[in-house]
Structures are given as C-alpha cells and as structure tokens.
Amino acid sequence: MSKTGKIIYFLLSVVFFTVFDLILSNETLKSLAFVPDNPVVDFVYVKNTGAAFSILQDARLFLIIFSIAAILGILFYTFKHLKKASVMALFWVSLLISGIFCNMLERITLGYVRDFFKLNFINFPVFNISDIFINVSVFAIVVIIVKHNFKKNNETCCR
C-alpha cells in the first residue's frame, strides 16, 4: 500500500473507531436499566475521575495533558515509520489512539470518564469501551513488536 493510502486508511480508522466508541458508549449508558442480569458482566454507571485502577483520582488536568502527549507521541512515531508500518499495525495504533482520545474527550467535556462494564467473575475495576480499545491494542502492538524482533533476531543470527 502506498504512503498516501496508509495515511488515508489510518485516519479513517481513527475516525471510525472514535465514532463507534462514542455512539456505542452513549447507547449503552442509555439502556443500562434495561440490561438483564448476567453472570459474566454487569452494567453499572461509575464516574471515574482517575485512571486505571483508580490511580490519580482527581488529576484531571494531568491526565488530559498526558493523553495529549501520548497521542502526539504515537502520531509522530507512526508517521515517522509509516513506510515500514504494516496495515495491521496501523489498525491497532488507530484503535489505541481512538481509545485514548475518547477517554480524554470525556475528561475534558464531563470532568470524568464514564465507566460501565463490571466483570462478575473477577475482582476488577469497572471499565468502558475506550479502556477495551486501549488494552487490546496495546497487547496487539506488543505482540507485533515481539514477533518483529524475534524475526529480525533469527535473520541476524542464522545467516
């Protein structure tokens, strides 16, 4: 895929995931009262003024600045290495940016992040769709990096 094609794909992916996250979150929150009991997940509404696992409670400005810095850093790195980036990597990076952006947007507009998924089978903090995007994409990016480094090390050692 050409560099221009990758840029278009990447930007459209970010927009798609952001819109998807915002719409699905709003619709989920509207229907919380109508969701039947479930042994796996409960839907509860929590106003989270901190980050994951309730760290940095009421550090709104810091979390907003950190989110902006993370997004800008990720964008800079992505565009710098766009030529070598695979479409799969761009997919996961766009999901990551969308998750960070949506949580940041809620912090800016509401003063907190709306969390609503509560797992019943494990003691785990309540989370939202953006958190899922962030965690799944970070895991996928780590796998891509490890796989790339493994492949590169095998090519170097076995020549």
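Just so it is clear, the model here is predicted, and its values are computed rather than measured. Within any chain, residue numbers begin from 1 and follow the written order of that chain's sequence. Given that this is a predicted model, residues contribute local features only at a pLDDT of at least 70 and side-chain atom pairs are listed and counted only at 80 or more, while totals for whole chains, interfaces and linings are drawn from all residues. Derived side-chain values reflect all non-hydrogen atoms in the structure, with water molecules and hydrogen atoms excluded from consideration.

Participant: Is there a simple way to explain the overall build of the protein in this structure?
Facilitator: A count of helical and extended segments in the protein gives four helices and two strands. Each residue is placed in one exposure class: buried if its accessible area under a 1.4 Å probe, protein chains only, is under 20% of its type's maximum, exposed if it is over 50%, and partly exposed if it falls in between. A buried classification covers 35% of the 159 residues belonging to the protein. Note on definitions: a residue-residue contact is assigned when non-hydrogen atoms from the two residues lie within 4.5 Å. Across the protein, the fraction of contacts at a sequence separation of at least 24, relative to all contacts at a separation of at least 6, is 72%. Counting only carbon and sulfur atoms, one obtains 71% of the accessible surface of the protein, whose full area is about 10200 Å². Charged side chains of the protein number 15 positive and 9 negative; the gap between the two group centres comes to 18 Å. Each helix corresponds to a stretch of at least 4 residues labelled H or I by DSSP, and each strand to a stretch of at least 2 residues labelled E; elements are numbered beginning at the N terminus. Note on areas: these come from Shrake-Rupley sampling with a 1.4 Å probe, and a residue is covered only by the protein chains present in the view. Here the positive residues are Lys and Arg and the negative ones are Asp and Glu; neither His nor the chain ends is included. Charge positions come from single atoms, namely NZ of Lys, CZ of Arg, CG of Asp or CD of Glu.

Participant: What is the right way to look at helix α2 (residues 60–80) in this model?
Facilitator: Owing to its 3.6 residues per turn, the α-helix brings residues three or four apart onto one side. Under the convention used throughout, the expected extent of a helix is 1.5 Å for every residue step, that is, one less than its residue count. The end-to-end C-alpha separation of α2 is 30 Å, in line with the 30 Å expected for 21 residues at 1.5 Å each. Residues of α2 that are buried include every one of Leu63, Ile64, Ser67, Ile71, Ile74 and Thr78, and no others. The buried side chains of α2 occupy one side of the element, clustering within an arc of 105° when seen end-on. Seen from the buried face of α2, the exposed residues on the opposite side, beyond 90 degrees, are Leu61, Phe66, Leu72, Phe76, Tyr77 and Lys80. The secondary structure elements touched by the buried residues of α2 are α1 (3–30) and α3 (87–110). Comment: arc refers to directions from the helix axis out to C-beta atoms.

Participant: Explanation requested: the pattern of salt bridges in the structure shown.
Facilitator: By convention in these notes, a salt bridge is any Lys or Arg side-chain nitrogen within 4 Å of a carboxyl oxygen on Asp or Glu. A complete count under the given rule lists two salt bridges for this structure. Salt-bridge contacts for Glu106 lead to Arg114; the nearest nitrogen and oxygen are separated by 2.9 Å. Residue Glu106 shares its accessibility class with Arg114, and that shared class is buried.

Participant: Teacher, can you tell me more about the nonpolar core here?
Facilitator: Grouped burial of nonpolar side chains is what soluble globular proteins tend to show. Note on terminology: a nonpolar core comprises buried Ala, Val, Leu, Ile, Met, Phe, Trp, Tyr and Cys residues joined through side-chain atoms within 4.5 Å. Of all hydrophobic cores here, the largest spans 27 residues; its most connected members are Phe10, Ile74, Val93, Ile97, Phe116 and Phe117. Breaking this core down by element, the ones donating at least two residues are α1, α2, α3, β2 (113–119) and α4 (129–157). Counting residues per element, this core draws most heavily on α3, at eight residues.

Participant: Would you mind going over the packing of α1 against α3 with me for this structure?
Facilitator: Two quantities define a packed helix pair, namely the angle between the helix axes and the distance between the axes. Packing of α1 against α3 leaves a shortest axis separation of 8 Å and a crossing angle of 40°. The angle between α1 and α3 places the two elements in the oblique class. For the pair α1 and α3, the sense of crossing is right-handed. Mapping the contact onto sequence places Lys6, Tyr9, Phe10, Ser13, Val14, Phe17, Thr18, Asp21 and Leu22 in α1 and Val87, Leu90, Phe91, Val93, Ser94, Leu95, Ile97, Ser98, Phe101, Cys102 and Leu105 in α3. Of the residues that constitute the contact of α1 with α3, the class distribution is 14 nonpolar, four polar and two charged. Axes here refer to lines fitted to C-alpha atoms; in helices the fit is confined to the stretch in contact. Angles between the N-to-C directions go from 0 to 180 degrees. Each angle is binned into one of four classes, with values under 35 degrees roughly parallel, values over 145 roughly antiparallel, values of 65 to 115 roughly perpendicular, and all other values oblique. Helix crossings get a hand from a simple test, with the near helix turned counterclockwise from the far one by less than a right angle marking a left-handed crossing and a clockwise turn marking a right-handed one. When residue character is reported, Ala, Val, Leu, Ile, Met, Phe, Trp, Tyr, Cys and Pro are called nonpolar, Asp, Glu, Lys and Arg charged, and the others, Gly included, polar.

Participant: Any chance you could explain the pairing of β2 here in plain terms?
Facilitator: Two faces belong to every sheet, and in a regular strand the side chains alternate between them. With six of seven residues buried, β2 lies mostly within the body of the structure. In terms of strand pairing, strand β1 (residues 41–48) meets β2 through six bridges, oriented antiparallel. Pairing of Val41 across the sheet is with Leu119, part of β2. The rule for pairing is simple: two strands pair if DSSP sees at least two bridges between them.

Honestly, that's just the spatial picture; any functional story needs more than this.
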